[in-house]
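Report on the structure
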Amino acid sequence: MKWKKDFQGLDGEENLKIQGFQESYLKKFLTCIGFILSCGLLWVLMSSKKRFYMHCTHYECSLKEAEKVFLVDAYGQEHISKVKRPGGKLSQTPFFYYKKIKYCWDEKEEKFINIA
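Notes on the structure follow. (Residues numbered from 1 in each chain as written. Predicted model: local features only at pLDDT ≥ 70, side-chain atom pairs only at ≥ 80, totals over all residues. Heavy atoms only, no water.)

So, on to the overall build of the protein. The helix and strand inventory of the protein stands at 3 helices and 8 strands. Within the protein, the fraction of its 116 residues that count as buried is 33%. About 7500 Å² of surface is accessible on the protein, with carbon and sulfur atoms providing 56% of the total. (Helix = DSSP H or I, 4+ residues; strand = E, 2+ residues; numbered from the N terminus. Buried < 20%, exposed > 50% of the residue type's maximum accessible area, 1.4 Å probe, protein only. Areas by Shrake-Rupley, 256 points an atom, 1.4 Å probe, with all protein chains shown as cover.)

Put into structure tokens, the structure is as follows:
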């Protein structure tokens, strides 16, 4: 997977890699069929491999348009966070929470920044 943006979080100590994703209903449908045909084995695999889950149910997009972000911290731990938009409009400033810290989209720098 190619990472689009790197950013610093938590007082510059933690380097996070981030990638934006949007839902794909076709991919979700095909993944559900895969769950049924594999008798749940695919579901077990996806529950432990979040990166594999995201690629099977979502497609990559820019961070500004993302519905979910996939994060990998300095220790290799993978996290999925839902991007929220006030009012549900693309024109509003998107944000997400990671470890109880809020990150907002900065239009000038075109990346998420910590607003602690």
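Structurally, Arg85 can be placed in the loop between β5 (78–82) and β6 (95–98). For the buried residue Arg85, which engages in no salt bridge, the nearest side chain bearing the opposite charge is Glu67, 6.8 Å off. A distance of 2.5 Å separates a polar atom in the side chain of Arg85 from the backbone oxygen of Lys64. Engagement of the side chain of Arg85 in a polar contact is seen with the backbone oxygen of Ala66, the distance being 3.0 Å. (Lys, Arg positive; Asp, Glu negative; His and termini not counted. Salt bridge = Lys/Arg side-chain N within 4 Å of Asp/Glu carboxyl O. Polar contact = N/O pair within 3.5 Å; in protein donor to acceptor, adjacent residues only side chain to side chain.)

Attention now goes to the pattern of salt bridges. Tallied over the full model, the rule gives 4 salt bridges. Where Arg51 meets Glu78, a salt bridge forms, and the shortest distance between an N and an O atom there is 3.6 Å. One end of the pair, Arg51, is in helix α3 (residues 50–57); the other, Glu78, is in strand β5, with 27 residues separating them in the sequence.

Within strand β7 (residues 101–106), 5 of the 6 residues are buried, which leaves the element mostly enclosed by the surrounding structure. Bridging between β6 and β7 involves 4 bridges; their strand directions are antiparallel. Bridge pairing in β7 places Tyr97 opposite Lys102. Hairpin connection between β6 and β7: a loop of 2 residues separates the two successive antiparallel strands, and Lys99 in this loop has a positive phi of roughly 55°. By the bridge criterion, 4 bridges tie β7 to strand β8 (residues 111–114) in an arrangement that is antiparallel. By the bridge assignment for β8, Asp106 is matched with Lys111. Where β7 hands over to β8, the hairpin turn is made up of 4 residues, of which Glu110 adopts a positive phi near 55°. (Pairing = 2+ DSSP bridges.)

To continue, consider the packing of helix α1 (residues 25–37) against α3. When two helices pack together, their arrangement is given by the angle between their axes and by how far apart the axes lie. Here α1 crosses α3 at 120°, and the two axes come no closer than 7 Å. Packed against α1, whose contacting residues are Lys27, Lys28 and Thr31, the element α3 presents His55, Cys56 and Thr57 at the interface. Residues of the contact of α1 with α3, tallied by class, amount to 1 nonpolar, 3 polar and 2 charged. (Axes fitted to C-alpha atoms, helices over the stretch in contact; angles between N-to-C directions. Contact = heavy atoms within 4.5 Å. Nonpolar A, V, L, I, M, F, W, Y, C, P; charged D, E, K, R; others polar.)

This part covers unusual backbone geometry. Excluding glycine, residues mostly carry a negative phi; peptide bonds, for their part, are mostly trans. Phi at Cys39 takes a positive value of approximately 55°, unusual for a residue other than glycine. Tracing the chain through its elements places Cys39 in the loop between α1 and α2 (41–48). The phi angle at Lys99 is positive, at roughly 55°, despite the residue not being glycine. For Lys99, a relative accessible area of 46% translates into the label partly exposed.

This paragraph deals with the sheet that holds β6. Judged by pairing direction, the sheet is antiparallel, and its 3 strands sit side by side in the order β6-β7-β8 without closing on themselves. Because the sheet does not close on itself, it has two edges, and the strands there are β6 and β8. Sheet twist, expressed as the mean angle between neighbouring strand axes with direction ignored, is 35°.

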